[in-house]
Amino acid sequence: QVQLVESGGGLVQPGGSLRLSCVASGSIFSINAMGWYRQAPGKERELVATITKGGTTTYADSVKGRFTISGDNAKNTVYLQMNSLKPEDTAAYYCAAILIGAGGTRWGQGTQVTVSF
């Protein structure tokens, strides 16, 4: 099993920055890629960014140029640096571990990001 614990959410003004962290534990060897997703009230969960074990990254169009996903393999941690935040970035952010084979996806508990004056 893989366990994920997120941290770093909070309240920030528009234009500000936050960094989210996600620490993975357990069966780390079964992880193929990591990702960040978000879900705003009344909306479906959407992909924000992903990073593979090899370091290949993908981003949603809405965050390209503003958000950066990175990983520290030694610490089993993935980060999401969020700059130039907008009110529409307000959501619960979830860390995900995409497992190899048919292992599916494991989710963290989520951390709230609120962008507002």
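Note that the coordinates shown come from a computational prediction; the quantities given were computed from them, not determined experimentally.

Moving on, we get to the overall build of the protein chain. Scanning the protein chain for helices and strands turns up zero helices and eleven strands. Each helix and strand of the protein chain, placed in order from N terminus to C terminus, yields the pattern β-β-β-β-β-β-β-β-β-β-β. The C-alpha atoms of the protein chain give 14 Å as radius of gyration, which agrees with the globular expectation for 117 residues (13 Å, within 12%). Its C-alpha atoms give the protein chain principal-axis dimensions of about 40 × 25 × 25 Å. Buried positions account for 42% of the 117 residues belonging to the protein chain. Long-range contacts, defined as pairs at least 24 residues apart, comprise 55% of the intrachain contacts of the protein chain with a sequence gap of at least 6. Accessible surface for the protein chain amounts to roughly 6100 Å². Of this, 51% is attributable to carbon and sulfur atoms. Each charge class in the protein chain was averaged separately, 10 positive and 7 negative side chains, and the resulting centres sit 5 Å apart.

Attention shifts here to the pattern of salt bridges. Counted according to the given criterion, the structure contains four salt bridges. In this structure, Arg38 engages Glu46 in a salt bridge whose closest nitrogen and oxygen atoms are separated by 2.7 Å. Owing to a relative accessible area of 6%, Arg38 belongs among the buried residues under this scheme. On the basis of relative accessible area, Glu46 is assigned to the partly exposed category, the value being 36%. For the salt bridge of Arg66 with Asp89, the shortest nitrogen-to-oxygen distance reads 2.8 Å. Taken together, the residues Arg66 in the loop between strand 6 (57-59) and strand 7 (67-72) and Asp89 in the loop between strand 8 (77-82) and strand 9 (91-99) connect sequence positions 23 residues apart. For the pair Arg66 and Asp89, one class covers both residues: buried.

All right, on to the pairing of strand 11 (residues 111-115) then. By the alternation rule, side chains of strand 11 split into Thr111, Val113 and Val115, which are all buried, and Gln112 and Thr114, of which none is buried. Relative to strand 11, strand 2 (residues 10-12) runs parallel, the two being bridged by three bridges. Considered in strand 11, the bridge of Val12 is made with Val115. Note: strand 9 against strand 11, three bridges, orientation antiparallel.

Thresholds applied
Residues numbered from 1 in each chain as written. Predicted model: local features only at pLDDT ≥ 70, side-chain atom pairs only at ≥ 80, totals over all residues. Heavy atoms only, no water. Helix = DSSP H or I, 4+ residues; strand = E, 2+ residues; numbered from the N terminus. Rg over C-alpha atoms; globule rule 2.2 N^0.38 Å. Buried < 20%, exposed > 50% of the residue type's maximum accessible area, 1.4 Å probe, protein only. Contact = heavy atoms within 4.5 Å. Areas by Shrake-Rupley, 256 points an atom, 1.4 Å probe, with all protein chains shown as cover. Lys, Arg positive; Asp, Glu negative; His and termini not counted. Charge placed at Lys NZ, Arg CZ, Asp CG, Glu CD. Salt bridge = Lys/Arg side-chain N within 4 Å of Asp/Glu carboxyl O. Pairing = 2+ DSSP bridges.

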